[in-house]
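# Survey of secondary and tertiary structure
Listed below are the residues making up each chain.
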Amino acid sequence: GTKEDPSIMDLDPEKSLAFQMANKNRPTGSRAARKKAKKKVRRKKIYWTPIDPSKLHEESIWSQIKGSVNMDKLKYDQKEFENLFTESTNPADKKKKAGGGEAQASKQKKSVQVIDGKRGMNGGIILARLKMEYSKIAEIVDEMITGQFDSTQLKALKEFLPTDEERQGLEMYLKKGKKDEKVMAELMADLSNCEKYMVAMMKVKQPEGKFDAILFKVSFQQRLEEIVDGITILKKACDEVRSSERLRKLMAMILTLVNH
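Residues numbered from 1 in each chain as written. Predicted model: local features only at pLDDT ≥ 70, side-chain atom pairs only at ≥ 80, totals over all residues. Heavy atoms only, no water.

## Some details on unusual backbone geometry
Most peptide bonds take the trans form, and the phi angle of most residues other than glycine is negative. Positive phi outside glycine occurs at Lys131, with the angle close to 55°. Take Lys131: it is sitting in the loop between α7 (117-130) and α8 (134-142). Judged by its relative accessible area of 76%, Lys131 is exposed. Positioned with a positive phi, Met144 is a non-glycine residue whose angle comes to about 50°. Counting through the fold element by element, Met144 comes out in the loop between α8 and α9 (151-159). In this structure Met144 comes out as partly exposed when scored by relative accessible area, which is 32%. (Helix = DSSP H or I, 4+ residues; strand = E, 2+ residues; numbered from the N terminus. Buried < 20%, exposed > 50% of the residue type's maximum accessible area, 1.4 Å probe, protein only.)

Structure representation (structure tokens):
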């Protein structure tokens, strides 16, 4: 007779007996041991404002290049691409980063307190490029001094002026520090760079109008040159029309034929 195998009782009743018995004696873990554990990676977040495809103009660059790039045939350095746009989710790496303890945590800047996080981050990027104290920026705007910023920088700074809602939120947040300079300093230290800039600009009267006045002064010469160039071209065209012998002959022929 055949020997009964008591281990059959441990098999999965929903799977084929022949399949389970065939795979029973195969060495387990050998393949896993040979394969090197890969680090899990994920794409880094890219902060941008998505555009509805239905709103794209037919002549826009996005419509023109749509479907023109075949990613399968595109040649690029995959390793460099992964280094730039992915981050490791390996738990061991996270432990290393978190290993600084309380001292490291105390050095890290706190998150945005009042304004939208994305807006605060974008404003912080703009302000970091200027490398100037926010009180100094406020002073330049208040006195409408030109020559410190170009038109692009001025437009960017104007964009991050506090809205009425943000102004109210910042005033409520800083209310506790009005009577105590130490408390005020602590509250200010917890704000993001963009919020600190907003607080400085809150002391400037009519900042929007002053930004517009500085922008006009900065871009006046460029606008004047553009207008003068256009007028010069128009004047030259008029002179050529008036002095054209061929045009005069053509008009004369038309006049003669009509009057014949």
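That shown, we press on.
## Considerations on helix α13 (residues 207-243)
One turn of the α-helix equals 3.6 residues, which is why residues spaced by three or four share an orientation. Here α13 is 37 residues long and its end C-alpha atoms lie 53 Å apart, about the 54 Å a rise of 1.5 Å per residue gives. Maximum bend of α13: about 50°, positioned at Ser219. Among the residues making up α13, those that are buried are Pro207, Lys210, Phe211, Ile214, Leu215 and Ser219. Buried residues in α13 make contact with α8, α9 and α12 (193-201). (Expected span 1.5 Å × (residues − 1). Bend = angle between axes of the 7 residues up to and from the residue. Contact = heavy atoms within 4.5 Å.)

## A short note on the pattern of salt bridges
The tally for this structure, following the rule as stated, stands at 4 salt bridges. Residues Asp212 and Lys158 are paired through a salt bridge, measuring 2.5 Å at the closest nitrogen-oxygen approach. Here Asp212, found in helix α13, pairs with Lys158, found in helix α9; they are 54 residues apart in sequence, far enough to count as distant. Using a relative accessible area of 28% as the deciding quantity, one classes Lys158 as partly exposed. (Salt bridge = Lys/Arg side-chain N within 4 Å of Asp/Glu carboxyl O.)

## Observations regarding the packing of aromatic side chains
Under the criterion given, the structure shown has 2 aromatic pairs. Summarising the aromatic geometry, the rings of Tyr134 and Tyr197 are spaced 6.5 Å apart at their centres and angled 75° between planes, so their arrangement reads as edge-to-face. Residue Tyr134 is found in helix α8, and its partner Tyr197 is found in helix α12; the two are separated by 63 residues along the sequence. For the residue pair Tyr134 and Tyr197, the accessibility class agrees, reading buried in each case. Geometrically, the ring pair formed by Phe216 and Phe220 is tilted, given 5.7 Å between the ring centres and 55° between the ring planes. Here the residue Phe216 and the residue Phe220 both occupy positions in helix α13, the gap between them amounting to 4 residues, near one helical turn. (Phe/Tyr/Trp six-rings, centres within 6.5 Å; stacked < 30°, edge-to-face > 60°.)

Read these as layout, nothing more, since geometry by itself doesn't imply function.
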